[in-house]
Amino acid sequence: MMSQDRGRFWDGSGKPVFILAYLLLLLLALPCMGFLPNFWSRVLTLSLNSHTHQHITEQAILNVTMETLRGIKEHQGKHAEEETRLGRGFWRAVGEVVKSNAAMDFLSSTRSDPVYHFDSERVDSSMGMLRQFWAQILLSVRAKEYQSARHSLGQLFHSLQDFYSHSNWVEMGQRFIYLHLLQPEEPAIPVAAEDTPTCMECFSATCRDNLLARMTNGQQETQLLTTGYFSTFPPKPHGKCSHGGILDHSRYMGAKGGINKDSTSPLFSPHHYLHMEAANLAMEATLSVLRDIRDTVGQKTFLRLFSVKQVPALVFVMDTTGSMFEEITAARYRAHSIIQSRASSPGQLGTFLLVPFHDPEIGPVYETDDPNQFMQHMENLMALGGGDEPEMCLSAIQLALTHSPPLSEIFVFTDASPKDAHLFDVVKALALEKQSKVTFLLTEDPKYTSESSGSRKRRRRRRRRRRELLSPDRFSLYSSLSSLSGGLTIFTTNSDIRSVSAIVEDNTAINKVTLLHVESDEELMSSHSFRVDSSVKNVTLHVTGILTECVLTSPSDQSQSLLSQQGPLAELERFEGLYRISLLSPIQPGKWKLQAKSDGRLSFNVIGDSSVDFLYYFATVTNETHPGLARVAGSPVAGIPAFLVLAVTGLAPDEEASFSHVTLLGADGESIQQVKLNSSSSSSSSYSVEELVGWLDSVPIVPFCVRLTGRDSRGNKLERVSAEMVQPTHVQIQVLSVPRLAPGHSSMVAFEILNHGPARLFSLTADDDCGYLHKRGPHRFHVAEQGSFRGQVDVLTPATAQAGATVTLTLTVCALDSPESNYAVAYMTVIPPDPDTSPPSCSAARVQSTCPSTCNESSWTVSLVVSDRGRSGLAALQLQSGEGILTLFHSPPPTEDSLGEDQQQAHRDKTTSGGHHHHHHEARLEKGDPALNVSEWSPGSSQPLWVKYTSSCCSAQAELLVWDTAGNMKRCHLTSGQLRRLRDRSTETSGAGRITPTPVFSLLLGLLWSCLL
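Small disclaimer: the values here were computed from a predicted structure and weren't measured.

Caption draft 1: Quick look at the nonpolar core. Tyr-164 and Phe-306 are the most contacted members of the largest nonpolar core, which has 62 residues in total. Contributing elements (two or more residues each) for this core: α3 (53-71), α5 (88-106), α6 (123-142), α7 (146-166), α8 (275-297) and α9 (299-305). The dominant element in this core, judged by the number of residues it contributes, is α8, at 10 residues. Residues within four places of Tyr-164 in sequence aside, it is in contact with Trp-169, Val-170, Ile-177, Tyr-178, Leu-181, Lys-261, Ala-278, Leu-281, Ala-282 and Ala-285. If you look at the next biggest cluster of nonpolar residues, it comprises 37 residues, including Val-426, Phe-440, Leu-442 and Leu-484.

Below you can see the structure in the form of structure tokens.
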């Protein structure tokens, strides 16, 4: 996912050179604003050394993540190993932030709105929007809605980064970030009035000194902020600065020229010579936000936000009707086994999620990080009742998909067909969007009827009552869902369900990769192959169906008939509905072959242990406001050109693996198309991810999965398969606006449907996981050939909705006369109508410093008043850094000037005793102590606290973190200098807020304390 240049973009046939020329010509019709969206934008603008939104965002997230891991004691000294083991989930999470960031330039609802880009001097509105994003992120994180938080974070990053490229902040000579953007209590610089000229005429591509003197003045008293106007809306007043560049129509209006620093190309950025300064400040601002999030929510939660070293979630969807006793017992056994195996690895327990269903009841969803609580909940499951055979299984899977993290494995235990078949398209959309696999463990033969199974059911107690002949294809929706998501459907028996459920442990082990995933309907002998490279360990094959013959051949051409003999290659375990084959050590690297014969349908899945895997997405060149690759939402459009962008994850920094191409494979494993890959990034990068790009002349019209091919460091061929089936289509659906939900109010979600095929009737269905939709559909409408249709769905949020909750909206569109369909998924967050966004304050009252040249002979003391500026009240304090002692008081404390000698010594003894110590009306903190809960120590969190920090002169700085009960954080930096030097930490390290005298009330408190001192 890194976006530094990695050498050549294209080689071989020369066709991509033509494509590049075509794309460059396309730029003549494209306007551009903001840092460039992603790596491909640099190619299109001929500015390969420009920093993009993608690069800044990825680099900042990686830096703060590694910084956080290094700060945790158990990870110290394992820097290189940590990078390799960040995990596929981490890069997927980073990709979500990058996608949301780039979408601000591509979505019709945001790409031309100056508020989202700090354009047209809409600075105050843009700051208000930034602060809304910040509040939304914290609400989502606290509600454990991490996917929604990442979406908001990408939006915040885009606007924040644009400020430094689009404003005159750099030209003022500023070398630190503008704190006021996200911290309203910090000093603000006024914005130039609408009738105040800001620029002079510029008639060349490079505009130097075209800002008026007041716009570049370094003296704070006379500074004015301005940002460039873009295109024709809003109209640019005479004398104002333009965004500039060959794609900005406003550059011809007075004052001509522009001030943007988006790239290093003078064709696109008149202030290109300041691009690096703007990019560096944008990077510092992005780092500052990430550090503030980490210090606000805590290190553990911050790492979970980005799925760092994500252990696969254990997700059970469990039918709890009376016939399911054996299945529930098997699930308990597997859960206990998985928990026991993970217990030996600290921090590797993961998330546990259970969704029971029992017609007509579904849920509730039980989710926890505590394995003991999960096992207790599993023990409390009872198989009771039952009735007619169909159950609400798809509704339960929908809940599992919305509550589980992306890339999850979901296991469904049932013996009943779905009663809610109308939800299939919704569940399919969620599975594909989250790249989660759904595997069914069915203890019911699909060919049984009520008549033929009667005697069997009498022998098996608690079995369901059958009232009608059962259809032999009643489980077909399960098979379809498992097939397209990359899972399996296993038909087994109650006597074998415990053994068959071993697949749960196999698939949820850490660092599992797919080497082969294929289905076969052939009754003749079918042949399949997979490759094992030097990084792969513990290879397991799962085969579902009924085998009549199965031969395994090693890379050295040694064969073993798995059904009839034991041998040196593999061990086979045979259960009803599943064959589990384990390759024996040592596993030979190279090409393995599997020949199988069956009298029915077979499914093959081969997995192994390896950190090397990949993620991918399809993209098209945008033809709107920004040059770059826009990710395709939903399924790609069949029959048109597209880019395939891959991120290879888990490579060690010194690992010399190379990747040549991907193969698009059909459902039976046949090769449909081969796509050559070229690197998009710098070969000097030490990061454990590599971004690759391929060009498809035409997206296939049939479903396919993606297989990546390369070579490992030893020259062995390396292959990985992404098992989900891509579903090409001729219809697209895009969500145009995602509103914030306010309790007790209705909101509108706009969408657009694009028909890339002949004119036809379509049906739209909307669904959400909370039941907030006003009308779910289906809605029918006609769309002309190559035409479009715009509409909206209404969401009514109840007054009782919990702040921070995420509502997952799924829109599916289907043609009425063909299988054509597509989907869009949107995440909406419930926001309180008037949230407290004001952080606490730290007001300096007195500094005592007598530090000589020999620092260990003296100490310094700073005294503060800490209070909450909002209405929530103080929640917690923590000494983040510093080697001294922080002492807190309910009221202004006595000073050493008013104490006798004995009292002074007693006070010093208490002060230097360290630890998280409470004594009467004071408490003491040291670095490393947990945060002090103010509500447990102080009777009134709305009252101010008095703080005294004392330290040796050898440690001249310290940092205090203060939170209010709404979650707002203040970073107070303490120094041994004079009062005028009490300021926030340099934005080069944190960019947090300054200690400045706050409102009159706090100032009076400070003066009162000064008098007492």
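Caption draft 2: Quick look at the packing of aromatic side chains. Going through the model one piece at a time under the given rule, you end up with 20 aromatic pairs. An angle of 65 degrees between the planes, with centres 5.8 Å apart, marks the rings of Phe-475 and Phe-491 as edge-to-face. Pair noted here: Phe-475 is in the loop between α14 (454-459) and α15 (476-485) and Phe-491 is in strand β7 (residues 489-491), with a separation of 16 residues, a long-range link. Ring centres of Phe-643 and Trp-695 lie 4.8 Å apart, and the angle between their planes is 65 degrees; this geometry places the pair in the edge-to-face category. One end of the pair, Phe-643, is in strand β19 (residues 642-649); the other, Trp-695, is in strand β22 (residues 689-696), with 52 residues separating them in the sequence. On the basis of relative accessible area, Phe-643 is assigned to the buried category, the value being 1%. Each residue in the set Phe-118, Phe-163, Tyr-164, Trp-169 and Tyr-178 is aromatic and connected to the rest through ring pairs, giving one cluster. It is Arg-631 that lies over the ring of Tyr-617; its NZ or CZ is 3.9 Å from the centre.

Caption draft 3: Highlighting the packing of α3 against α5. As a packed pair, α3 and α5 sit with axes 10 Å apart at the nearest point and diverge in direction by 145 degrees. Considering the relative orientation of α3 and α5, their crossing is right-handed. Contacts between α3 and α5 pair His-53, Gln-54, Thr-57, Glu-58, Ile-61, Leu-62 and Thr-65 from the former with Phe-90, Trp-91, Val-94, Val-97, Val-98, Asn-101 and Asp-105 from the latter.

Caption draft 4: A look at the pairing of strand β39 (residues 945-952). Counting buried residues along β39, 6 of its 8 residues qualify, which places the element largely inside the surrounding structure. One ladder, built from 8 bridges, connects strand β33 (residues 859-868) with β39; its direction is antiparallel. Across the sheet, Trp-860 pairs through a bridge with Ser-951, a residue of β39. Relative to β39, strand β35 (residues 885-889) runs antiparallel, the two sharing 5 bridges. Across the sheet, residue Thr-887 finds its bridge partner in β39, namely Lys-948.

Caption draft 5: A look at the pairing of strand β31 (residues 821-829). Among the 9 residues in β31, 9 count as buried, and that is most of the element. Summarising the sheet, strand β30 (residues 806-815) and β31 pair through 9 bridges and their orientation is antiparallel. Bridging across to β31, Thr-810 finds its partner in Val-825. In sequence, β30 turns back onto β31 through a hairpin of 5 residues.

Caption draft 6: Here's a closer look at the sheet that holds strand β27 (residues 760-768). The 4 strands are arranged β28-β27-β30-β31 in an open sheet whose pairing can be described as antiparallel. For this open sheet the edge positions go to β28 (779-783) and β31, each flanked by a neighbour on one side alone. Across the sheet, the mean angle separating the axes of adjacent strands is 25 degrees when strand polarity is ignored. Both β27 and β28 contribute to a ladder of 5 bridges, which runs antiparallel. Within the sheet, the bridge partner assigned to Leu-761 lies in β28 and is His-782.

Caption draft 7: Fine view of the state of the cysteines. Taken as a whole and judged by the stated rule, the model has 5 disulfides. The side chain of Cys-199 participates in a disulfide bridge whose partner is Cys-241; the two sulfur atoms lie 1.9 Å from each other. Across the S-S bond of Cys-199 and Cys-241 the torsion is about 95 degrees, and the bridge reads as right-handed. Taken together, the residues Cys-199 in the loop between α7 and α8 and Cys-241 in the loop between α7 and α8 connect sequence positions 42 residues apart. Each member of the pair, Cys-199 together with Cys-241, is buried. Between Cys-202 and Cys-207 runs a disulfide, and the two sulfur atoms are separated by 2.1 Å. Here Cys-202 and Cys-207 share a disulfide; its torsion about the S-S bond, -95 degrees, makes the bridge left-handed. Both residues of the pair, Cys-202 and Cys-207, belong to the buried class. The cystine pairing of the protein chain, numbering bonded cysteines in sequence order, is 1-4, 2-3, 5-10, 6-8, 7-9.

What counts, and where the lines are drawn
- Residues numbered from 1 in each chain as written.
- Predicted model: local features only at pLDDT ≥ 70, side-chain atom pairs only at ≥ 80, totals over all residues.
- Heavy atoms only, no water.
- Core = buried A, V, L, I, M, F, W, Y, C linked by side-chain atoms within 4.5 Å.
- Buried < 20%, exposed > 50% of the residue type's maximum accessible area, 1.4 Å probe, protein only.
- Helix = DSSP H or I, 4+ residues; strand = E, 2+ residues; numbered from the N terminus.
- Contact = heavy atoms within 4.5 Å.
- Phe/Tyr/Trp six-rings, centres within 6.5 Å; stacked < 30°, edge-to-face > 60°.
- Lys NZ or Arg CZ within 6 Å of the ring centre and 35° of its normal.
- Axes fitted to C-alpha atoms, helices over the stretch in contact; angles between N-to-C directions.
- Left-handed = near helix turned anticlockwise from the far one by under 90°.
- Pairing = 2+ DSSP bridges.
- Disulfide = S-S within 2.5 Å.

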